Amino acid sequence: MSEEILETPDVLVRLRGVTFKRGDRMILDGMDIDIVRGKITTIMGPSGTGKTTVLRLIGGQLNPDAGLVEVDGQNVPKLDRRGLFALRKRMGMMFQSGALFSDLSVFENVAFPLREHTKLPENMIRDLVLMKLEAVGLRGARALMPSELSGGMARRVAMARAIALDPMMIMYDEPFTGQDPITVGVIMKLIRMLNDNLGLTSVIVSHDVQEVAAISDYMYLISDGKVVDHGDPDVLGRSASPWVQQFLSGLADGPAGFHFPAPDYAEDLLAGTAN
Amino acid sequence: MLEWLRRIGARALLFFERLGRALLFLLRVVAVLPQLVGEFRLCITQIYSVGVLSMQLIAISGLTVGMVLGLQGYNTLVDFGAEQSLGQAVALSLVRELGPVLTALLFAGRAGSALTAEIGLMRVTEQLPAMEMMAVDPFRRVFAPRFLAGVVSMPLLAAMFSALGIIGGSMIGVGLLGIDSGAFWSQMQAKVDIYDDILNGVIKSVVFGVVATWIAVFEGFDASPTTEGVSRATTRTVVHTAFAVLGLDFVLTALMFGGL
Amino acid sequence: MQKRKIEIAVGVFVVFGLAALVMLAVKVSNLAAVSEENGYVIKARFSNIGGLKVRAPVLVGGVRIGKVADVTLDSQTYEAVVVMDVSSKYKNLPKDTSASIFTAGLLGEQYVGLDPGGDTAFLKNGDEIKLTQAAFVMEQVLGQFLFSKASGDKAPNE
């Protein structure tokens, strides 16, 4: 099912046999994922299947119960604080809600990583911040506070912040969820543009099929903690698995059932009229 | 019967588990405090939102409590012909007890709950994980400055409360009820000891400051990242601080003044 | 600028707080008296100190010159030993000064009253006052009064 490529792809992030449990619940069960350098890879699946958990594992916020998580050749769970610190500076992350610091202005939010991790002089920081804001089209909004931004604008500022330190990789956690079509279009365009112009590697976690398929170079479909299928969007669209077809076309019922397990309908109704 | 015991045991275990988390949290905050030397600006901003913005409430409360003490104290003392001792009655009540305790309770209601809500909201909007992913330690940048601000502000606020209370008491006693000003102040000065009373009162307010701020910041940190979770956390801050302050007050009073 | 206003406000806050502390220390408490009283130490023995407490005032002619620093019991003679800190301003207490324990008002707290004698030599650090009078213990006096009343009543009948 995986595509044949002529040359061996340069894999930036590698997950092998990753297992993660929360209490008794198995969230990830022996997952294998390759994120290729310079490409946009999407991880898709129904809500609650642990997509965000994958991002957290890559970022070292969580440690797997079993398996390998490797970023740029480094074994993430084994890194000490300094190593993790250094690695995180090379990763940018955009959270679902933007996660801008509410007490700082747009400018200050984007400048934050620069101020914390570099000793650059103030005028250089100013230039860098303006450049990043220009890339997402919000240079004019630099004095606004996060509470004054629309959802779409807040996410774009979050993107600018994520690229502030010129990372090698950006992770997007549900970037399209709940946005109007125009904003979705803008964000899609930005993700593609940033990825190509800045030579980034992008990892998107989403369940918005249409939007994501349009810009992905490669897709992973996960369900119940396992990878159900993966490939580039065309290949997946022709997949033989009925589950994949259901997901991709957004059907309400199919292999992933509509009804939550329940006793027989007629019996359930009649049970209420016991006399 | 057994079920009842089991439930009590479960609740006790939950309590200790939470207390343990809170203690570990406090240790981490304290460990990071030395790094705050470089974050001067941040601390100043926090002292502003915690201390300065509470000043109005504390000042007015202190003044009115002092005035009430003046009135009530006079009513009681006049029966013994001891109304000239009003000054020392007002001063001792404020400096030893009411200043530190009432300031701590008001602080918890105003500044403490605001801290909890702010931090809880940061948790809901994922600002804390975002900070971690940017390789910035939220303990250094968020929790420790707020903790320091509370510990610094509380003794200052308590002193203001007591001072204004005494002034309020003197306004009523000397101004309104006709007690001799000289007697009011000189009796007070004779009876209020700098070590036993003033210093102990300051120590109390520092202890309360640590406890109240610790609870406020921890509850925000520990809140579930939902609106309901934040709302419950702010309630917990006020309630737990009240219990803790009143309980500690008893212990400290027994230690400090019990011997007398 | 927003930042400057905040910094000024915090500065004002800290100044007010410190001012309140200073006011409490100076105007409200006995700081003035206490700081002076680390002059020198004198001792006195009493058979009974009544309700005298540590930090009780030491007065001469009603004026406070010091405080009681410590009260202990001499385990050989079973007398109470009262150690007093006296302000260095009052260096010329005669060696034959007497010390008594009085009660302030009817129900007030007890203090040490010193009555200067006429000696030309003065008490120095560590000296002991020889003439002392024990505290006024209500029960003893009442007992004496009742006893004398009883014997007084009997006399006319005999």
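Residues numbered from 1 in each chain as written. Chains lettered and ligands numbered in written order. Predicted model: local features only at pLDDT ≥ 70, side-chain atom pairs only at ≥ 80, totals over all residues. Heavy atoms only, no water.

Colleague: Explain the packing of aromatic side chains to me, using residue names and the numbers behind them.
Modeller: One pass over the structure, following the stated rule, counts 13 aromatic pairs over all chains. Here B:Phe15 and B:Phe16 contribute two aromatic rings whose centre-to-centre distance is 5.4 Å and whose plane-to-plane angle is 70°, an arrangement assigned as edge-to-face. Residue classification places B:Phe15 among the exposed residues on the basis of a relative accessible area of 52%. Ring-pair connections join several aromatic residues into one group, and the members of that group are B:Phe25, B:Phe139, B:Phe143, B:Phe218 and B:Phe221. Seen from the ring of A:Phe101, A:Arg161 lies directly overhead, with NZ or CZ sitting 4.9 Å from the centre. Here the guanidinium or amino end of B:Arg123 rests over the ring plane of B:Phe221, the centre of that ring lying 5.3 Å away. (Phe/Tyr/Trp six-rings, centres within 6.5 Å; stacked < 30°, edge-to-face > 60°. Buried < 20%, exposed > 50% of the residue type's maximum accessible area, 1.4 Å probe, protein only. Lys NZ or Arg CZ within 6 Å of the ring centre and 35° of its normal.)

Colleague: So what's going on with the packing of helix H3 (residues 86-124) of chain B against helix H8 (residues 227-257) of chain B? Which residues, and what values?
Modeller: All names here are of chain B. Closest axis-to-axis distance for the H3/H8 pair is 9 Å, and the angle between their directions is 150°. Taken together, H3 and H8 sit at an angle that is classed as roughly antiparallel. When you trace H3 past H8, the crossing you get is right-handed. (Axes fitted to C-alpha atoms, helices over the stretch in contact; angles between N-to-C directions. Helix = DSSP H or I, 4+ residues; strand = E, 2+ residues; numbered from the N terminus. Parallel < 35°, antiparallel > 145°, perpendicular 65-115°, else oblique. Left-handed = near helix turned anticlockwise from the far one by under 90°.)

Colleague: Let's hear about the nonpolar core: which residues, and what values?
Modeller: Core analysis: the largest hydrophobic core is formed by 75 residues, its most contacted members being B:Phe25, B:Phe143, B:Ile166 and C:Phe13. Here this core takes 15 residues from helix H5 (residues 138-176) of chain B, the largest share from any one element. Membership of the second largest hydrophobic core comes to 44 residues, among which are A:Met44, A:Phe107, A:Leu194 and A:Ile215. (Core = buried A, V, L, I, M, F, W, Y, C linked by side-chain atoms within 4.5 Å.)

Colleague: Any details on the pattern of salt bridges? Residues and values, ideally.
Modeller: If you walk through the whole model with that rule in mind, you get 34 salt bridges over all chains. Between B:Glu126 and A:Arg56 there is a salt bridge, with the nearest N and O atoms lying 3.7 Å from each other. Linking B:Glu126 in the loop between H3 and helix H4 (127-133) with A:Arg56 in helix H1 (residues 51-58), this pair reaches from one chain into another. Take A:Arg56: its relative accessible area is 22%, and that puts it in the partly exposed class. When the shortest N-O distance is used, the salt bridge between B:Glu118 and B:Arg146 registers 2.7 Å. Taken as a pair, B:Glu118 in helix H3 and B:Arg146 in helix H5 lie far apart in primary sequence, 28 residues in all. What makes B:Glu118 partly exposed here is its relative accessible area of 31%. Exposure remark for B:Arg146: the relative accessible area of 3% places this residue in the buried category. One network of salt bridges, with partners in common, ties together B:Glu17, B:Arg18, B:Arg21, B:Glu219, B:Asp222 and B:Arg236. (Salt bridge = Lys/Arg side-chain N within 4 Å of Asp/Glu carboxyl O.)

Colleague: Explain the interface of chain C and chain B to me, using residue names and the numbers behind them.
Modeller: With 25 residues of chain C at the contact, the number on the chain B side is 31 residues. In total, about 2500 Å² of surface goes out of reach between chain C and chain B, with carbon and sulfur atoms giving 77% of it. Linking C:Glu7 and B:Arg41 is a salt bridge whose minimum nitrogen-to-oxygen distance equals 2.6 Å. The tally of links between chain C and chain B comes to one residue pair in polar contact (both at pLDDT 80 or more). Broken down by element, the side of chain C that touches chain B gets its largest block of residues, 18 residues, from helix H1 (residues 2-28) of chain C. (Contact = heavy atoms within 4.5 Å. Buried area = accessible area lost by both parts, 1.4 Å probe. Polar contact = N/O pair within 3.5 Å; in protein donor to acceptor, adjacent residues only side chain to side chain.)

Colleague: Residues and numbers for the interface of chain B and chain A, please.
Modeller: Taken together, the contacts link 15 residues of chain B with 22 residues of chain A. Approximately 1600 Å² of surface area, both sides summed, lies buried where chain B meets chain A, with 57% of it carried by carbon and sulfur atoms. Among the residues chain B hides against chain A, the three largest losses belong to B:Glu126, B:Met133 and B:Met134. Together they make up 41% of the total. For the pair chain B and chain A, the number of links is three salt bridges. Between chain B and chain A we count eight residue pairs in polar contact (both at pLDDT 80 or more) in total. Of all the elements in the fold, those that place two or more residues in the side of chain B that touches chain A are H4 and H5 of chain B.

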